Amino acid sequence: MTLADQICRWIQQTVKEANSSGVVVGLSGGIDSSVVGVLARRAMGDHVLGLIMPCRSQPTDEEYAKLVASRFGIPTVRVDLAPLLDSFLELVPPGNEMAQANLKPRLRMLTLYYFANSRGYLVAGTGNKSELMVGYFTKYGDGGVDILPLGGLLKTQVRQLARDLGIPQEIIARPPSAGLWAGQTDEGELGITYEDLDKAIEAIERGGASGCDPAVIAVVQGMYERSRHKRSLPLIFQPSF
């Protein structure tokens, strides 16, 4: 059984166990969302919905999202979130760049769950293991999902899976970006390439630094520790009485 087949079977089983009837996924035009969209389509057939949610985004993001949807027969709905973003920002005091940027994935989360609740679907997230391990996601934004089909795969493994699935090469070759602001790239914000990040994660999981720069290991371990709260449920106070 191929990796793609394993993930598809897992999606089917998880949806069934949740008494749901399908999957909704946000299509951003990036490699991760493309892979999840294609896997969800394979697993759930017509019971899948791809949401295209531009929010002051680059035009190419939507073009690539539509390309994947068209090539693999993924039904889509387009929701322009820019007016909602603008309206929200008019209601609150000015915030810093990160506070404003994180609004985009959080508005997308609201939209995904609106459609998921309306249809009895689960929200499939597009995060991969590399991002989860270092907290490279917005809490209650793109981290607010029901299932993570790629959560056990490193970014380099996702790229190979994308090739196996026939994802268009121009999408595979795109510099990964969360689209938080103009010119933003994942690797630029992380300060490390995905290749080096994946090597460090594998070294840490092996319990050593063989074949990996100790300085890089230290950086990745630091990111892991600082983002621990993102991977946990909210802390609950327990009274002593």
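Before reading further, recall that the structure is shown in the block above.
Residues numbered from 1 in each chain as written. Predicted model: local features only at pLDDT ≥ 70, side-chain atom pairs only at ≥ 80, totals over all residues. Heavy atoms only, no water.

Asks: In this structure, what is going on with the pairing of strand β1 (residues 22-26)? I would like to understand it.
Replies: Regular strands show a simple pattern: their side chains alternate between the two faces of the sheet. With five of its five residues buried, β1 lies for the most part within the structure. Of the two faces of β1, the one lined by G22, V24 and G26 and the one lined by V23 and V25 are each fully buried. One ladder, built from four bridges, connects β1 with strand β2 (residues 48-52); its direction is parallel. Looking at the pairing, V24 lines up with L49 of β2. After leaving β1, the chain enters helix α2 (residues 31-44) and then returns to the sheet as β2, a path that is right-handed. (Buried < 20%, exposed > 50% of the residue type's maximum accessible area, 1.4 Å probe, protein only. Helix = DSSP H or I, 4+ residues; strand = E, 2+ residues; numbered from the N terminus. Pairing = 2+ DSSP bridges. Right-handed = clockwise from strand over helix to strand, strands pointing away.)

Asks: Which parts of the structure should I look at to understand the pattern of salt bridges?
Replies: When their charged atoms lie close together, side chains carrying opposite charge are able to pair. Scanning all chains against the criterion turns up nine salt bridges. A salt bridge links R41 to D46; the shortest N-O distance between them is 3.0 Å. Notably, a salt bridge pairs R174 with D61, separated by 2.7 Å at the nearest N-O pair. Of this pair, R174 sits in the loop between α9 (169-172) and α10 (186-190) while D61 sits in helix α3 (residues 59-72); the two residues are 113 residues apart in sequence, bridging distant segments of the chain. Under the relative-accessibility criterion, D61 is labelled buried at 17%. Each of E62, K66 and R78 takes part in one network of salt bridges that share partners. (Salt bridge = Lys/Arg side-chain N within 4 Å of Asp/Glu carboxyl O.)

Asks: What am I meant to see in the side chain of R108 here?
Replies: With respect to the helices and strands, R108 occurs in helix α6 (residues 103-119). As a buried residue without a salt bridge, R108 has its nearest oppositely charged side chain in D61, at a separation of 6.3 Å. In this structure the side chain of R108 is engaged in a polar contact, spanning 3.1 Å, whose partner is the backbone oxygen of M53. When near neighbours in sequence (up to four residues on either side) are disregarded, R108 contacts M53, P54, C55, S57 and L81. (Lys, Arg positive; Asp, Glu negative; His and termini not counted. Polar contact = N/O pair within 3.5 Å; in protein donor to acceptor, adjacent residues only side chain to side chain. Contact = heavy atoms within 4.5 Å.)

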